[in-house]
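# Structural features, examined
Listed below are the residues making up each chain.
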Amino acid sequence: MTEKIKIALLKRKATIKELSEKLGSSQQNLSGKFRRDNFSMKELEEIAAALDCSLEIQLVMNDTGERI
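Residues numbered from 1 in each chain as written. Predicted model: local features only at pLDDT ≥ 70, side-chain atom pairs only at ≥ 80, totals over all residues. Heavy atoms only, no water.

Turning our attention to the nonpolar core. Of all hydrophobic cores here, the largest spans 11 residues; its members are Ile-5, Ala-8, Leu-9, Leu-19, Leu-30, Phe-34, Phe-39, Leu-44, Ile-47, Ala-50 and Leu-51. Listed by contribution, the elements that provide at least two residues to this core are helix H1 (2-11), helix H3 (27-36) and helix H4 (41-50). If sequence neighbours within four positions are ignored, Ile-5 has contacts with Leu-19, Phe-34, Phe-39, Leu-44, Ile-47 and Leu-51. (Core = buried A, V, L, I, M, F, W, Y, C linked by side-chain atoms within 4.5 Å. Buried < 20%, exposed > 50% of the residue type's maximum accessible area, 1.4 Å probe, protein only. Helix = DSSP H or I, 4+ residues; strand = E, 2+ residues; numbered from the N terminus. Contact = heavy atoms within 4.5 Å.)

Here it is in structure tokens:
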């Protein structure tokens, strides 16, 4: 998920610092979450909203490609 957030930041021409300010979090805390790739569902929803994105999570069957 970290890579996807970084891509969204690049496309929005935003920094982790700017994102952390929008989230009311410290840059250090957010950077730690990026390093660990450790986000709760609520945090992902808040990040998506801050970046003006929709959050879509899917399970995909590896053998058939079926999306659930």
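Moving on, we get to the layout of surface pockets. By volume, the largest pocket amounts to about 300 Å³. Along the wall of the largest pocket there are 13 residues; nearest its centre are Met-1, Lys-4, Ser-54, Leu-55 and Glu-56. Residue assignment for the lining of the largest pocket shows that the elements contributing at least two residues are H1 and H4. (1 Å grid on protein atoms, 1.4 Å probe; cavity = no way out; pocket = protein on both sides within 12 Å on 5 of 7 lines; lining within 4 Å. Points joined across faces, edges and corners; volume = space filled by probe spheres on them.)

For the pair helix H2 (residues 16-23) and H4, the least separation of the axes is 10 Å and the interaxial angle reads 110°. Judged by the inter-axis angle, H2 sits roughly perpendicular to H4. For the element pair H2 and H4, the recorded crossing hand is right-handed. Contacts from Leu-19, Lys-22 and Leu-23 in H2 reach Glu-46, Ile-47 and Ala-50 in H4. Residue composition of the contact of H2 with H4, grouped by class: four nonpolar, no polar and two charged. (Axes fitted to C-alpha atoms, helices over the stretch in contact; angles between N-to-C directions. Parallel < 35°, antiparallel > 145°, perpendicular 65-115°, else oblique. Left-handed = near helix turned anticlockwise from the far one by under 90°. Nonpolar A, V, L, I, M, F, W, Y, C, P; charged D, E, K, R; others polar.)

Here we take up the pattern of salt bridges. Taken as a whole, this structure holds two salt bridges when the rule is applied. A salt bridge links Glu-43 to Lys-33, with the shortest nitrogen-to-oxygen separation between them at 3.0 Å. Placement of Glu-43 in helix H4 and of Lys-33 in helix H3 is noted, with a sequence separation of 10 residues between them. Its relative accessible area of 13% is what places Lys-33 among the buried residues. Between Glu-46 and Lys-42 there is a salt bridge whose closest N-O contact spans 3.9 Å. Of the two residues, Glu-46 and Lys-42 both sit in helix H4, four residues apart, roughly one turn of that helix. Classification of Lys-42 as exposed rests on a relative accessible area of 57%. (Salt bridge = Lys/Arg side-chain N within 4 Å of Asp/Glu carboxyl O.)

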